[in-house]
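Structural characterization, general
What follows is each chain in one-letter form.
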Amino acid sequence: MSNTQTEPSALTVARATDADWTEIFAADARAFLMTNPLSEAEQADLRAKVADDDVVLVRDPDGVADHPLVGVSMYYRMTMTVPGGGPQSAAGLSWVSVAATHRRRGILRTMITELFDQWEAEKQVFAILTATEATIYERFGFGPACFAQNVAVDLTAARMRQRADRTPASVNYATDEDVARLVPDLHARWTATRPGALTRPTAWWGQILADRQSRRPAHHSGLHYLIHADGYASYRIDQSVEPPRAAIEEVVAITEQAHTDLWRVLVGLDLTPRATALIAVDDPLPAKLTNHRAVAVTGIEDRMWLRILDVPRALGARRYSGDLDAVIEVVDDFRGHGGVFDMTVRHGGAIVAPSSAKPTVRLDISVLSSMFLGSVPARTFAAADRLWTDGPDTLDALDQAFATGVAPFAGTFF
Ligand SMILES: CC(=O)SCCNC(=O)CCNC(=O)[C@H](O)C(C)(C)COP(=O)(O)OP(=O)(O)OC[C@H]1O[C@@H](n2cnc3c(N)ncnc32)[C@H](O)[C@@H]1OP(=O)(O)O
């Protein structure tokens, strides 16, 4: 994967070296419309998270400027929880940008092809990303696989229901030292409880805990942390509105009790009539309040996209909620790694192998990737004519098998 010539444009594709980073930061600042380029501390944060060999660069030898950098893509080596199956490695595509002078000439496709070559050589099973636009990545086999809901909580109306048989466990504000000591471990414990949850390596925590002024939204305070034995919450005070509101960044609860206890403190914040938060689509907060209308859903976002790179290994990695006997035809126009597979599920485990039998299910790899973590049921894609089955019984069995007890939630945007 050293310097190669791409035909017919003669653009060069290479991996990053130390000398490239000033240009990388300038190119990404332009592409992502940053008003301020990343500070030196933020540049160091990013470089701690990615190896130079995992950064693909495209240059134009024929530019007016000397070999201008016209394309950047990189990926993080991440870990994602699959339903019932624990953590799995995933290649986290990020910071993808093409110079405005060179768009729609196939540079994104060139960079993604280069990365797929690498991931397949490394025998990676999953690629993931967070997307700026919803219409770019399906052609490469990605499907939206984790959704989350934006909520506005009316703190003047929100009261937790009291349960006489429960004594609230203690929740405290934490010092910076407590946060550094306790929060990464609490987050790691939480990732085991949710499909789609992304583990944060040590290098990621440095940036999160630093809570640099330059990374805060305008007119927002630093993070306040609330700590519980089985979870934590963090929020800022958003002074861009009058009266100020609480912008809740995270409520990470390993147990239902921790969720209740943390939210009891959050809905009790005085002097701010409103809080905003991004929560899982099955978050039980409204049901825990005396007035469920205090929580208004203001939007649903796709937070993480998934791409299955190896169908048998991916399907074999998770647990299932019902028996299944299906012959699945997967279409993979981008990489040609689809095919027909026998899929048998018993006692929650799947055996998946190439097959020459007549398919009973047909779907695109992007649809299978969207279904994989349990966020979109098969019947939704069948209704949209994007999944075919040989009859309603197969569709029901597919739906039952892929269903998960809890909705997937990635928890980390990258
Ligand atoms: C994972 C992440 O990092 S998400 C961040 C993505 N980056 C950004 O949004 C930064 C600003 N935008 C850009 O830098 C560029 O416009 C990019 C990266 C989105 C696209 O780069 P380009 O080199 O222009 O894309 P390229 O020409 O390779 O197009 C590949 C395919 O995607 C399609 N495509 C490209 N951009 C878009 C778009 N914004 N919306 C819909 N389709 C798109 C093209 O039509 C093409 O389709 P085809 O090959 O099936 O005919």
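Every chain is numbered independently, its residues counted from 1 as its sequence is written. Since the coordinates come from a predicted model, pLDDT governs what is reported: local features require at least 70, and pairs of side-chain atoms require 80 or more to be given and counted, while whole-chain, interface and lining totals use all residues.

1. A word on the UniProt feature "active site" (unreviewed entry) in the protein chain
Condition: UniProt positions are given in the numbering used here, feature names are shortened, and annotations may be inferred rather than shown by experiment. Helix numbering and strand numbering both begin at the N terminus, where a helix is a DSSP run of H or I of at least 4 residues and a strand a DSSP run of E of at least 2. Around each residue's C-beta, the other C-beta atoms within 10 Å are counted; 20 or more make the residue buried, 12 or fewer make it exposed, and counts in between make it partly exposed. All C-beta atoms are placed from the backbone. Whether two residues are in contact is decided by their C-beta atoms, placed from the backbone, lying within 7 Å.
Those places that UniProt annotates as "active site" (unreviewed entry) correspond, in this numbering, to Tyr-137 and Phe-414. Along the chain, Tyr-137 turns up in the loop between strand S6 (126–129) and strand S7 (143–154). Since 22 C-beta atoms lie within 10 Å of it, Tyr-137 is described here as buried. Setting aside residues up to four positions removed in sequence, Tyr-137 forms contacts with Leu-129, Ala-131, Phe-142 and Trp-305. With respect to the secondary-structure elements, Phe-414 resides in the segment after helix H11 (392–402).

2. Examining the site of the ligand
Quick note on the threshold: Nearness between a residue and a molecule or strand is assessed with a C-beta atom placed from the backbone; a distance within 6 Å qualifies. Under the convention adopted here, Pro, Cys and the residues Ala, Val, Leu, Ile, Met, Phe, Trp and Tyr are nonpolar, Asp, Glu, Lys and Arg are charged, and Gly plus all remaining residues are polar.
With respect to spatial proximity, 22 residues lie near the ligand, and among them Val-96, Arg-103, Ile-107, Leu-108 and Thr-132 are the closest. Sorting elements by how many residues they give to the shell around the ligand places strand S5 (residues 86–98) first, with six residues. Class assignment of the residues belonging to the shell around the ligand gives a composition of 11 nonpolar, five polar and six charged.

3. Remarks on the environment of Lys-288
Mapped onto the elements, Lys-288 comes out in helix H7 (residues 285–288). Along the sequence, Lys-288 and Pro-184 sit 104 residues apart, while their C-alpha atoms lie 27 Å from each other. Apart from residues lying up to four places away in sequence, Lys-288 is in contact with Met-160, Arg-161, Thr-260 and Trp-263.

4. Quick word on the UniProt feature "binding site: acetyl-CoA" (unreviewed entry) in the protein chain
The feature "binding site: acetyl-CoA" (unreviewed entry), as annotated in UniProt, sits at Val-96, Ser-97, Val-98, Arg-104, Arg-105, Gly-106, Ile-107, Leu-108, Arg-109, Thr-132 and Glu-133 in this numbering. Secondary-structure assignment places Arg-104 in the loop between S5 and helix H3 (107–121). Exposure remark for Arg-104: the 7 C-beta atoms within 10 Å place this residue in the exposed category. With respect to the element layout, Thr-132 can be found in the loop between S6 and S7. What makes Thr-132 exposed here is the crowd of 11 C-beta atoms within 10 Å.

5. Side note on the domain arrangement of the protein chain
Interface size, as often reported, equals the accessible area lost upon joining of the parts. Our working rule: Residue ranges assigned to each domain were obtained from an automatic or database domain assignment.
As far as domains go, the protein chain holds domain 1 (4–129), domain 2 (148–302) and domain 3 (310–402). Inter-centroid distance (C-alpha atoms) of domain 1 to domain 3 is 31 Å. On the side of domain 3, 10 residues touch domain 1, which itself brings eight residues to the contact. Residues belonging to the side of domain 1 that touches domain 3 are distributed by class as follows: five nonpolar, three polar and no charged.

6. Thoughts on unusual backbone geometry
With an omega of -5 degrees, the peptide bond between Glu-242 and Pro-243 qualifies as cis. By the element assignment, Pro-243 lies in the loop between strand S10 (231–238) and strand S11 (245–253). If you check the backbone angles, Arg-104 has positive phi at about 60 degrees while not being a glycine. The residue Asp-211 is not glycine, and still its phi comes out positive at about 45 degrees. Along the polypeptide, Asp-211 turns up in the loop between helix H5 (202–210) and strand S9 (224–228). The exposure class of Asp-211 is partly exposed, given the 17 C-beta atoms found within 10 Å.

7. Regarding the pairing of strand S13 (residues 295–308)
The cut-off we apply is this: Following DSSP output, two strands are said to pair if at least two bridges run between them.
Where S6 meets S13, four bridges bridge the pair, whose relative direction is antiparallel. Residue pairing for S13: Phe-126 is matched across the bridge by Ile-308.

8. Re the environment of Trp-190
In this structure, Trp-190 sits in helix H4 (residues 176–191). Separated by 221 residues in sequence, Trp-190 and Gly-411 place their C-alpha atoms 9.8 Å apart. In this view, Trp-190 contacts Ala-197, Gly-231, Val-252 and Ile-254; residues no more than four positions away in its chain are not counted.

9. Here's the deal with the nonpolar core
Condition: Buried Ala, Val, Leu, Ile, Met, Phe, Trp, Tyr and Cys residues whose C-beta atoms connect them within 7 Å together make up a nonpolar core.
Membership of the largest hydrophobic core comes to 113 residues, with the highest contact counts inside it found for Phe-126, Ile-128, Val-153, Ile-248, Leu-306 and Ile-308. Setting aside its immediate chain neighbours within four residues, Phe-126 contacts Met-80, Gln-88, Ala-90, Leu-306, Arg-307, Ile-308, Leu-309 and Ala-314.

10. Considering the sheet that holds strand S14 (residues 324–331)
Test applied: In this description, a line fitted to the C-alpha atoms serves as the axis of each element, helices being fitted only across the stretch in contact, and the angle between N-to-C directions of two axes falls anywhere from 0 to 180 degrees.
Taking strand neighbours across the sheet as the criterion, the five strands line up as S16-S15-S14-S17-S18 in an open arrangement whose pairing is mixed. Edge positions in the sheet fall to strand S16 (349–354) and strand S18 (387–389), since each has one partner strand and no second. For this sheet, the mean angle separating the axes of adjacent strands, direction not counted, is 25 degrees. Two strands pair when backbone bridges link them, and S14 and strand S15 (residues 339–346) are joined in this way by seven bridges, in the antiparallel orientation. Bridged to Val-330 within S15 is Gly-339. Contacting S14, strand S17 (361–364) and S18, helix H9 (residues 365–372) runs over the sheet at an angle of about 95 degrees to S17.

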